[in-house]
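A closer look at the structure
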Amino acid sequence: MAKPIDLSSLDLAALIASRVCHDIISPVGAVTNGLEVLDEENNEEMREFAMDLIRKSAKQASAKLQFARLAFGAAGSAGAEIDLGDAHSVSAGYMENEKSTLVWNVPRLLMGKNKVKLLLNLLLIANQCVPRGGTITVEMTNEDAAKPSFRLTAQGLNARIPAMIADLLTNQEVERIDAHAIQPAYAGLLADDSNMSILMEKKDDSVIITAE
């Protein structure tokens, strides 16, 4: 029988930090590269290219950090609520830099922070299900903030359920937990805390994720 994932609080914190750092290394590195070009180049065309790179990369890094702050951060005291409008805002900013288009059909409500964090983490998983891009539709099928039901549909070419994701979401035993695997495992922990169960289904060109 599979055993629940067992991580110490220190390991969990370290792996989440590694995941966040991994996400922002690329845009921050691009900003550094752009600054180096500005320092070394006198060609006006190259300098404009460097400035454009810096602007885009800084915006991307900011969007990723704002998303991570809500999806992984403390977001207030225990029992705090988060505005789903804020969740929409950071999700839209994050998805601007991804291959898929976000369709957000969720009402603006105040909801317990771990339920909102779960929704954001499920968005990250849905994005992994369409690596070549597509459309990710986020919905609430039950709009009771105390007992919500979420449905995310990732539709696109070669939509798939990534290896180990289903097990990680339900906190089942896997070979190892690293910085790549920690995010779906963390989503599973959030689902447990929220007394919600998660189901992933592959249907034609879509993967449907439900949490209720």
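Anything mentioned here points back to the structure above.
The model shown is predicted, which means the values in this text are computed figures rather than measured ones. (Residues numbered from 1 in each chain as written. Predicted model: local features only at pLDDT ≥ 70, side-chain atom pairs only at ≥ 80, totals over all residues. Heavy atoms only, no water.)

One number sums up the size of the largest pocket: a volume of about 450 Å³. In terms of lining, the largest pocket is formed by 21 residues, of which the most central are Arg19, His22, Asp23, Gln128 and His180. Counting residues per element, the ones that place at least two in the lining of the largest pocket are α1 (9-40), α2 (44-72), α4 (113-128) and α5 (165-169). Counting residues per element, the lining of the largest pocket draws most heavily on α1, which supplies 5 residues. Partitioned by chemical class, the residues of the lining of the largest pocket number 11 nonpolar, 6 polar and 4 charged. (1 Å grid on protein atoms, 1.4 Å probe; cavity = no way out; pocket = protein on both sides within 12 Å on 5 of 7 lines; lining within 4 Å. Points joined across faces, edges and corners; volume = space filled by probe spheres on them. Helix = DSSP H or I, 4+ residues; strand = E, 2+ residues; numbered from the N terminus. Nonpolar A, V, L, I, M, F, W, Y, C, P; charged D, E, K, R; others polar.)

The phi torsion at Asn158 lies on the positive side, around 60°, for a residue other than glycine. Residue placement: Asn158 occurs in the loop between β5 (149-156) and α5. Residues other than glycine seldom take positive phi values, yet Met164 does so here, at roughly 75°. Considering the arrangement of structural elements, one finds Met164 in the loop between β5 and α5.

Moving on, we get to the packing of α1 against α2. Describing two packed helices takes the angle between their axes plus the distance from one axis to the other. For the pair α1 and α2, interaxial distance at closest approach is 8 Å and the crossing angle is 165°. Relative to α2, the element α1 lies roughly antiparallel. α2 is crossed by α1, and the crossing has left-handed handedness. Among the residues forming the contact of α1 with α2, the class breakdown is 20 nonpolar, 3 polar and 4 charged. (Axes fitted to C-alpha atoms, helices over the stretch in contact; angles between N-to-C directions. Parallel < 35°, antiparallel > 145°, perpendicular 65-115°, else oblique. Left-handed = near helix turned anticlockwise from the far one by under 90°.)

This part takes up the pairing of strand β2 (residues 101-105). Of the two faces of β2, the one lined by Leu102 and Trp104 is fully buried and the one lined by Thr101, Val103 and Asn105 carries no buried residue. Two elements, β2 and strand β4 (residues 134-142), share 5 bridges in a ladder whose sense is parallel. By the bridge assignment, Leu102 is partnered in β4 with Ile136. (Buried < 20%, exposed > 50% of the residue type's maximum accessible area, 1.4 Å probe, protein only. Pairing = 2+ DSSP bridges.)

Attention now moves to the nonpolar core. Judged by nonpolar contacts, the single largest core of 53 residues is most densely connected at Leu118, Leu122, Val138, Leu152 and Ile209. The element best represented in this core is α4, accounting for 9 residues. Setting aside chain neighbours within four positions, we find Leu118 in contact with Ala187, Leu190, Ala191, Met196, Ile198 and Ala211. (Core = buried A, V, L, I, M, F, W, Y, C linked by side-chain atoms within 4.5 Å. Contact = heavy atoms within 4.5 Å.)

The subject of this paragraph is the sheet that holds strand β7 (residues 206-211). One open sheet holds the 5 strands; their spatial order is β2-β4-β5-β7-β6, and the pairing between them is mixed. Among the strands making up the open sheet, the edge pair consists of β2 and β6 (198-203). Mean inter-strand twist for the sheet, computed between neighbouring axes without regard to direction, equals 15°. Direction of pairing for β4 relative to β5: antiparallel, over a ladder of 8 bridges.

The geometry of an aromatic ring pair is captured by two quantities: the separation of the ring centres and the angle between the planes. Under the criterion given, the structure shown has 2 aromatic pairs. Judged by centre distance (4.7 Å) and plane angle (35°), the ring pair of Phe67 and Tyr94 falls under tilted. With Phe67 in helix α2 and Tyr94 in helix α3 (residues 84-95), this pair connects stretches of sequence that are 27 residues apart. Owing to a relative accessible area of 2%, Phe67 belongs among the buried residues under this scheme. Consider the rings of Phe72 and Tyr186, whose centres lie 5.8 Å apart with planes at 45°: the pair is tilted. In this pair, Phe72 is assigned in helix α2 and Tyr186 in helix α6 (residues 182-193), connecting sequence segments 114 residues apart. A relative accessible area of 12% places Phe72 in the buried class. (Phe/Tyr/Trp six-rings, centres within 6.5 Å; stacked < 30°, edge-to-face > 60°.)

Our next topic: the packing of α3 against α4. At a minimum axis separation of 10 Å, α3 and α4 run at an interaxial angle of 25°. Relative to α4, the element α3 lies roughly parallel. Where α3 crosses over α4, the handedness of that crossing is right-handed. Counting all contacts with α3, which are made through Leu84, Ala87, Val90, Ser91, Tyr94 and Met95, the residues of α4 involved are Val116, Leu119, Leu120, Leu123, Leu124 and Asn127. Among the residues forming the contact of α3 with α4, the class breakdown is 10 nonpolar, 2 polar and no charged.

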